[in-house]
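# Understanding the architecture of this molecule
Here is what each chain is made of, one letter per residue.
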Amino acid sequence: MGGVSAQGAADVPWWRGFFAGLRRGVREGRLSRWRAAGVVGGLAASGLIAAGLTTLLCYGVVRTLVGIARGGAEPRWNDPVLLTVTVAVCIVVIPLAAVGARRRRLRLAVHQARMRGWAEAHGWAYQPRSRLLSSRWDAPGTPTSTWVRDVLTRATPRGEVTSLTLGLGRDWTRWATHAVMVAGPRRFPALHLTPMAVHDRVDLALGGQDIAVESYQINERWRVRCADLRFAHEVAHPRLLERLDRAAFPGLSLLVEGRDVVVHVPGPTDLVRVEGLAELVLDLADLVPAYLTDDYPPHPPHVPRRERRRPPRRVR
């Protein structure tokens, strides 16, 4: 297995690796001694600031609790009971926070080692995180993300497939979405097919959009949203919907936007379903009518980035 093993991550403290990297940088001439000293000083200052803020927070909480215990009388800032309890709380809280941060780093190292090993065994390239893929899509109902993790990429004869986890907050196991996409030379408008849920029916009752297709069963199971009705009907044809319906992935949704054809399901990346979702998204991309790429061509290279965010218009 390539990369850092779980045992190696547990045996080597982060600070030892940090200082070893600084020493290596100075020895190889990539860092001056003054710059290395500045990095160490900045790290020490950040630790002191964090400890001070934690102490102030504990002091405020304890002062409030002591005041409540004494019938609402606010204690003096140098009250012995207040200071003793604050110090006791800090002695417990700060080490617990440090232990929690270390456990999180170890858990992340184990997770990344597992992902990297799977990728090497199955012919995928692995990247722990990516800023370029964050907030890539704007379609209504698209999962919101503040970060992208566990990026797996593989080139196939039918196109390059990318699997990723979109998430909110720091924990990659909560509020996460597993998306698999294939990109191409096009600039499609946003089309989103999502399973019909209770909140969708409430939204529809309040005037939300749902484009009807020919099949009644499809209309009952799926909600179709797109600003371009002609594009929606051209993409959501019976063969594509039948292939989407055959996929046995709970919570499966289809997104077509810009260069991308995407399928996504709730939850973080599950290695068991990566291959199946990749096969599905390639099949769906093949079922998108080829003439639509000519109707919605990509931007020329000279177009500024701010112009690329505007909704595409069909070439007449």
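Given the structure is predicted, the values throughout are model-derived calculations rather than measurements.

What counts, and where the lines are drawn
- Residues numbered from 1 in each chain as written.
- Predicted model: local features only at pLDDT ≥ 70, side-chain atom pairs only at ≥ 80, totals over all residues.
- Heavy atoms only, no water.
- Phe/Tyr/Trp six-rings, centres within 6.5 Å; stacked < 30°, edge-to-face > 60°.
- Buried < 20%, exposed > 50% of the residue type's maximum accessible area, 1.4 Å probe, protein only.
- Helix = DSSP H or I, 4+ residues; strand = E, 2+ residues; numbered from the N terminus.
- Lys NZ or Arg CZ within 6 Å of the ring centre and 35° of its normal.
- Pairing = 2+ DSSP bridges.
- Core = buried A, V, L, I, M, F, W, Y, C linked by side-chain atoms within 4.5 Å.
- Contact = heavy atoms within 4.5 Å.
- Lys, Arg positive; Asp, Glu negative; His and termini not counted.
- Salt bridge = Lys/Arg side-chain N within 4 Å of Asp/Glu carboxyl O.
- Polar contact = N/O pair within 3.5 Å; in protein donor to acceptor, adjacent residues only side chain to side chain.

This part covers the packing of aromatic side chains. Aromatic rings in a pair are described by how distant their centres are and how their planes are angled relative to each other. Evaluated as defined, the whole model comprises two aromatic pairs. With centroids separated by 6.3 Å and ring planes inclined at 35 degrees, the aromatic side chains of W118 and W124 adopt a geometry described as tilted. We note that W118, like W124, is buried. Relative to F231, the ring of F188 has its centre 5.1 Å away and its plane inclined at 45 degrees; by these criteria the two rings are tilted. Highlighted residues: F188 in strand β4 (residues 176-195) and F231 in helix α7 (residues 229-235), separated in sequence by 43 residues. Across the pair, exposure class does not vary: F188 and F231 are buried alike. Cation over ring: R149 sits above W147, and NZ or CZ is 5.2 Å from the ring centre.

Bridging between strand β1 (residues 125-129) and strand β2 (residues 147-156) involves four bridges; their strand directions are antiparallel. Paired with A125 across the strands is T153, a residue of β2. Judged from the eight bridges that link them, β2 and strand β3 (residues 159-167) form a sheet pairing that is antiparallel. From the neighbouring strand, L152 faces β3, where its bridge partner is S163. Connecting β2 to the antiparallel partner β3 that follows it, the hairpin turn spans two residues.

Counting 45 residues, the largest nonpolar core has L152, L191, F231, L254 and V263 as the members making the most contacts within it. Those elements that place two or more of their residues in this core are α4 (80-122), β4, β5 (222-226), α7, α8 (238-246), β6 (253-266) and α9 (271-287). With 10 residues, the top contributor of residues to this core is α9. Beyond its immediate stretch of four places on either side in the chain, F231 contacts F188, P189, L191, C226, V256, L292 and Y296.

Here we take up the side chain of R186. For R186, the location among the structural elements is in strand β4. It turns out R186 is buried and unbridged, and the closest side chain with the opposite charge, D260, is 6.3 Å from it. Side-chain polar atoms of R186 contact the backbone oxygen of R259, separated by 2.9 Å.

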